[in-house]
Amino acid sequence: LGDLPLGGSQFVLLVRVTSFLGLASELAEFVVTRSGGAEPSLLVGPSERIARPASATQLLGIATLAACWQAAKGVQIDFEWTLGNVTLSATGEPAPSAVRNSLVLPSPLRSSLLLPPFSLLSGYTYVLNLRAQMATDPSVFSDAQVSLDVRVQPLQLLVRGGDRRLSVDESFSVDALESYDPNVRRFDVVTGELLEDANLLFSWSVRAVANSTVAE
């Protein structure tokens, strides 16, 4: 029964012995139950990782057949990614349902999972579960999980018009409009246009440099 490695399956064997004189024994019956424990081994790399909201996140599961399946032909392992707990990284409290519902797993029925930029929100920890199960016997499976701690990235300050030399009666301007928050999406996903970051507040100050001299 090497070609039928189905965990939990039961086989009934019937045997009768016949001699060269034509004498036959009674029919004997044997029941063979193939137990479980034939689940594939499953690896997903580090179980705890740091993610950035503006970067894509790729996860990959690698499954290996158990020894009792390796002799079978046409054996296939099915994969499925699911979303587990989503919590606030700072406190461990459950995230609001809106945060959890905002993550939609693309192509979850593969061994690899690619989360596009801005799929994950900073300040939260996401647990992703991967199951690898035998296609012909879903009761034989292995589970693994990955925890993604999405860290806040510092604001990026971009100032147009920097150090320069001016005459005493010459006006000048500086512009920080191109500054942005890398934790939020900057471009419209449909049009590709740059979005104005209405959440940024700017504070300017001017100070004189004491005892400064400028050569003519």
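It should be noted that the structure appears before, not after, this text.
Residues numbered from 1 in each chain as written. Predicted model: local features only at pLDDT ≥ 70, side-chain atom pairs only at ≥ 80, totals over all residues. Heavy atoms only, no water.

Thoughts on the side chain of threonine 125
- Looking at the element boundaries, threonine 125 is found in strand β9 (residues 124-134).
- Excluding anything up to four places from it in sequence, threonine 125 contacts Asn85, Val86, Thr87, Ser89, Ser147, Leu148 and Asp149. (Helix = DSSP H or I, 4+ residues; strand = E, 2+ residues; numbered from the N terminus. Contact = heavy atoms within 4.5 Å.)

A short note on the pairing of strand β10 (residues 137-150)
- With four bridges joining them, strand β4 (residues 48-51) and β10 adopt parallel strand pairing. In the strand pairing of β10, alanine 51 is matched with valine 150.
- Pairing geometry for β9 and β10, over 10 bridges, is antiparallel. Note on β10: the bridge partner recorded for leucine 128 is valine 146.
- Between the antiparallel neighbours β9 and β10 lie two residues. (Pairing = 2+ DSSP bridges.)

Topic: the side chain of serine 179
- Inspection of the secondary structure puts serine 179 in the segment after β10.
- A distance of 2.9 Å separates the side chain of serine 179 from the backbone nitrogen of leucine 158, its partner in a polar contact.
- Side-chain polar atoms of serine 179 contact the backbone oxygen of alanine 176, separated by 2.9 Å.
- Not counting the four nearest positions on each side in its chain, serine 179 is found in contact with Gln156, Leu157, Leu158, Leu200 and Phe202. (Polar contact = N/O pair within 3.5 Å; in protein donor to acceptor, adjacent residues only side chain to side chain.)

Description of the environment of proline 116
- Inspection of the secondary structure puts proline 116 in the loop between β8 (112-115) and β9.
- With 61 residues separating them along the chain, proline 116 and serine 55 place their C-alpha atoms 7.3 Å apart.
- When near neighbours in sequence (up to four residues on either side) are disregarded, proline 116 contacts Ala56 and Pro106.

Let's talk about the environment of serine 25
- Counting through the fold element by element, serine 25 comes out in the loop between β1 (10-15) and β2 (28-33).
- With 10 residues separating them along the chain, serine 25 and valine 15 place their C-alpha atoms 9.1 Å apart.
- Residues in contact with serine 25, not counting those within four places in the same chain, are Arg16 and Val17.

Thoughts on the nonpolar core
- In this structure, Trp81, Leu115, Leu120, Tyr126 and Leu128 are the most contacted members of the largest nonpolar core, which totals 30 residues.
- Those elements that place two or more of their residues in this core are β7 (77-88), β8, β9 and β10.
- Among the elements that make up this core, the one with the highest residue count is β9 (six residues). (Core = buried A, V, L, I, M, F, W, Y, C linked by side-chain atoms within 4.5 Å. Buried < 20%, exposed > 50% of the residue type's maximum accessible area, 1.4 Å probe, protein only.)

Here we look at the pattern of salt bridges
- On inspection of all chains with the given rule, the structure shows two salt bridges.
- Ionic pairing is found between arginine 131 and aspartate 143, a salt bridge with its closest N-O pair at 2.8 Å. Of the two residues, arginine 131 sits in strand β9 while aspartate 143 sits in strand β10, which places them 12 residues apart along the sequence.
- Looking at arginine 131, the relative accessible area reads 31%, which means it is partly exposed. (Salt bridge = Lys/Arg side-chain N within 4 Å of Asp/Glu carboxyl O.)

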